[in-house]
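Observations on the three-dimensional arrangement
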Amino acid sequence: MKGLFVVARREIRSYFDSPVGYVVLTLFLLLSGWFFSNSLFLQGVASVRTLFDMTVVLFMFFVPAITMGTFAEERRAGTIELLLTLPVRDWQVIAGKLLAAFGLLMTAIVLTLVYVATVANLGDIDGGATFGGYLGMALLGLACASIGIFASSLTRNQIVAFIIAFVIIFVLFMLDKVTIFVPGSLAGVLQFLSLDFHYQNLLRGVVDTRDLIYFASVVLLSSLLTAYHLSKRPE
Amino acid sequence: MINVDRLTKTFGLERAVDDISFEVERGEVLGFLGPNGAGKSTTMRVLTCYLPPSAGSVSINGLDVTTDSLAIRRLIGYLPESTPLYPDMTVRDYLRFVAAIREMSPGDERTRIAYVVDVCGLTGVLSKRIETLSKGYRQRVGLAQAMLHDPEILILDEPTSGLDPNQIVEIRDLVKSLGEEKTVILSTHILPEVEASCDRVLIINRGKIVADGSPESLQARFQGDQRLLFGVEGDGAGVEDVLRSFAGLSVLDHSVDGESSMFTLGLTGTNDVRPDLYRLAVENGWVLTELHREEARLEDVFRQLTSEKAYSRAKA
């Protein structure tokens, strides 16, 4: 278990030893702040709903950017060989990297609590929906990060890793928006497979086990696929 | 200590390592010698549990690489080829990271880091980021990392590649001193290196072991015919006839260079005839300018065994 945290600590440090961490945090806060103040000042709505709605789109770009280096860069530089010949299990490495990416995302998410505090000062805040929103953002971030890490394990090229992760997340996001084009029986399936569908459920402030199971499955499946691919020791 | 039994590793249709077996005793310094792409690195990657074997078995201290991989990795210190390191970390942070993953106690960590930093000469660069270091320093960081947990077995893949001659000598001396108590396996395609630091050499070509033995025994085995250089003052008139009459000796070449002449002599067998040649010169009143026996070098052994010709001969 210790190996997991050692790997995670190194990853977090490398986010903040390089510009990645700062750029991600700054841009994320800048964009989410813009959406938030837009609705606050231009529409006169004291709500963090826009923040939650925009998060999916922001994550679609930010999460692949955070995770694109996780394995692709280790493979390119060959450091993967040293890492995987140290006494840690592959899954600890994967989980450690996931934890680090999740940690960076959570830092960004926690900083948006400023908006919640602002709204709470101006008027009543919907506690349930806000809690659901933050839980949703965390789970969505975790799911996207696990997808991004899987994409990163597939290639030695960070840009390719970014694009693969972006496409997977985009498709999972769009699935419940194309249901009108497919027969009813398939529509239900597509809807259930959609990231956004489950995220929107959580935004309503209702924590349903099905949604939790969905996010857990995405994380588990991506991580297993990553582990499977790594076990073949790609060059 | 290390037991490799009929190990085969294939990548698709390519057999990188083809049915090799060997054993390494505790305290032995073993050199893997072979041309590029011979299967040295692949063998090392199997030993370090990075790649699983396709067939055959590898056990270290009675532990099997496929089932006890974690325990084996704790025993081994490994320096992969081309020394991959995290460029954005400082040397100190990197060593601490390795110590943490190896679950060393804080006390151990401090003393061992101090030790490897001292032995590998890293004191001046501890706070520098690895990306700013020269190739030689990176190599030393890689070595420090491999030695950090005082492993029983060190596996070093081309530890001296990219170093300057002084650094090569330093690393060789280090390997030699490590070999006094540790088991060391190192790979190289530089011949003087194995002669300088290895007790035993495995020559690998196209995934197969083509020779196994001490550097001296390999040289002896492949010695075959000797060559001698024999120089006398004057134009060497009459000398050739006398030499020809000497038992077993043949004159391969005769050249005159100004005041002296030089003979290249061939001799079958390994007996040393230099004292006889000296006496011959004294008896005939020749003034000797050169008397030299050319040793069969490991380089010749290597060439003989790994050339295309040797490969096709072995196949036929």
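See the structure above.
The notes below deal with the structure included here.

Calculation criteria
- Counting starts from 1 at the beginning of each chain's written sequence and moves along it residue by residue.
- Written order decides the labels, with chains lettered from A and ligands numbered from 1.
- Where totals are concerned, whole chains, interfaces and linings use all residues; where local detail is concerned, this predicted model gives features only for residues with pLDDT of at least 70, and gives and counts side-chain atom pairs only at 80 or more.
- Strands are runs of DSSP state E lasting at least 2 residues, helices are runs of H or I lasting at least 4, and numbering of each runs from the N terminus.
- Note that the radius of gyration is over C-alpha atoms, with the globule rule given as 2.2 Å times the number of residues to the power 0.38.
- Each residue is classed by its C-beta neighbour count within 10 Å, where at least 20 other C-beta atoms makes it buried, 12 or fewer makes it exposed, and intermediate counts make it partly exposed; the C-beta atoms are placed from backbone geometry.
- Contacts are defined on C-beta atoms placed from the backbone: any two residues whose C-beta positions lie within 7 Å are in contact.
- A pair of strands counts as paired when DSSP detects no fewer than two bridges linking them.
- For helices, the axis comes from a line fit to the C-alpha atoms of the stretch in contact; other axes are also lines fit to C-alpha atoms, and the angle between any two N-to-C directions lies between 0 and 180 degrees.
- Any residue that is not Ala, Val, Leu, Ile, Met, Phe, Trp, Tyr, Cys, Pro, Asp, Glu, Lys or Arg is counted as polar, Gly included; the first ten are nonpolar and the last four charged.
- Angle categories: roughly parallel below 35 degrees, roughly antiparallel above 145, roughly perpendicular from 65 to 115, and oblique for all the rest.
- Helix crossings get a hand from a simple test, with the near helix turned counterclockwise from the far one by less than a right angle marking a left-handed crossing and a clockwise turn marking a right-handed one.
- A helix's residues, less one, multiplied by 1.5 Å, set its expected span.
- Any set of buried Ala, Val, Leu, Ile, Met, Phe, Trp, Tyr and Cys residues joined through C-beta atoms within 7 Å is what this text calls a nonpolar core.

Our next topic: the overall build of chain A. From N to C terminus, chain A includes twelve helices and zero strands. When its helices and strands are written in sequence order, chain A yields α-α-α-α-α-α-α-α-α-α-α-α. For chain A, whose C-alpha radius of gyration is 18 Å, the value lies close to the compact-globule estimate of 18 Å for 235 residues. Along the first, second and third principal axes, the C-alpha set of chain A runs to 55 × 45 × 30 Å. In chain A, which comprises 235 residues, the share counted as buried stands at 41%. Put simply, of all contacts in chain A between residues at least 6 apart along the chain, 75% involve residues at least 24 apart.

All names here are of chain B. Spatially, β6-β7-β8-β3-β9-β10 is the arrangement adopted by the six strands of the open sheet, whose pairing is mixed. Here the strands that pair on one side only, and so sit at the sheet edges, are β6 (76-79) and β10 (208-213). Between one strand axis and the next, the sheet turns through 15° on average, direction left out of account. Bridging between β6 and strand β7 (residues 153-157) involves four bridges; their strand directions are parallel. The partner of Ile-76 across the bridge, within β7, is Ile-153. Against the sheet, helix α5 (residues 135-147) engages β6 and β7, with an angle of about 165° to β6.

Moving on, we get to the sheet that holds strand β14 (residues 288-294) of chain B. All names here are of chain B. Pairing is antiparallel in the open sheet, where four strands are placed in the order β12-β13-β11-β14. Across the chains shown, the open sheet's two edge strands, defined by having one partner strand only, are β12 (249-257) and β14. Each strand axis lies, on average, 15° off the axis of its neighbour in the sheet, ignoring direction. Two strands pair when backbone bridges link them, and β12 and strand β13 (residues 260-267) are joined in this way by eight bridges, in the antiparallel orientation.

Time to look at the interface of chain A and chain B. Counting from both sides, the interface comprises 18 residues of chain A and, opposite them, 20 residues of chain B. Elements represented by at least two residues in the side of chain A that touches chain B include exactly α1 (2-17) and α5 (79-84) of chain A. Residues of the side of chain A that touches chain B, tallied by class, amount to seven nonpolar, six polar and five charged.

On the secondary structure map, Leu-86 of chain A appears in the loop between α5 and α6 (90-111). Here the alpha-carbon distance between Leu-86 of chain A and Gly-3 of chain A, two residues 83 residues apart in the chain, equals 9.5 Å.

For the rest of this paragraph, the subject is the packing of helix α8 (residues 127-153) of chain A against helix α12 (residues 209-231) of chain A. All names here are of chain A. In the contact formed by α8 and α12, the axes pass within 9 Å of each other and the chain directions differ by 15°. One way to sum up the angle between α8 and α12 is to call them roughly parallel. When you trace α8 past α12, the crossing you get is left-handed. Contacts from Leu-139, Leu-142, Ala-143, Ser-146, Ile-147, Ile-149, Phe-150 and Ser-153 of α8 reach α12 at Phe-215, Val-218, Val-219, Ser-222, Ser-223, Leu-225, Thr-226, His-229 and Leu-230. In the contact of α8 with α12, the residues fall into eleven nonpolar, six polar and no charged.

Right, let's talk about the environment of Ile-125 of chain A for a bit. All names here are of chain A. Tracing the chain through its elements places Ile-125 in the loop between α7 (113-122) and α8. On the neighbour-count criterion, Ile-125 (17 C-beta atoms within 10 Å) is partly exposed. Residues Ile-125 and Ser-223, 98 residues apart in the sequence, show an inter-C-alpha distance of 36 Å. Not counting residues up to four positions away in its chain, the partners in contact with Ile-125 are Val-116, Val-119, Ala-120 and Thr-130.

Every other side chain in a regular strand lies on the same face of the sheet, so the side chains alternate between the two faces. Residue and element names in this part refer to chain B. When strand β11 (residues 226-233) meets β13, the two strands line up antiparallel, connected through eight bridges. When the sheet's bridge partners are listed, Glu-233 is paired in β13 with Ser-260. Bridge count between β11 and β14: six bridges; the pairing is antiparallel. When the sheet's bridge partners are listed, Leu-229 is paired in β14 with His-292.

Further remarks concern α8 of chain A. With 27 residues, α8 of chain A should reach 39 Å at 1.5 Å per residue; the first-to-last C-alpha distance of 39 Å fits that figure. Of all the 27 residues making up α8 of chain A, 20 are buried; the element is thus mostly covered by neighbouring parts of the structure.

To continue, consider the nonpolar core. Ranked by internal contacts, the top residues of the largest apolar core, which has 134 residues, are Ala-101, Ala-143, Ala-145 and Ala-165 of chain A together with Tyr-94, Ala-144 and Ile-155 of chain B. Apart from residues lying up to four places away in sequence, Ala-145 of chain A is in contact with Val-63, Thr-67, Leu-98, Ala-101, Phe-102 and Leu-105 of chain A. Membership of the second largest hydrophobic core comes to ten residues, among which are Leu-228, Phe-230, Val-232 and Leu-277 of chain B.

This paragraph deals with helix α3 (residues 91-101) of chain B. Restricting attention to buried positions, one finds in α3 of chain B the residues Val-91, Tyr-94, Leu-95, Phe-97, Val-98, Ala-99 and Ile-101 of chain B. In the core, the buried residues of α3 of chain B are packed alongside α1 of chain A together with α4 (106-119) and α5 of chain B. Backbone geometry just downstream of α3 of chain B places Glu-103 of chain B in the positive-phi region, at approximately 55°.

Structural measurements only, silent on function.
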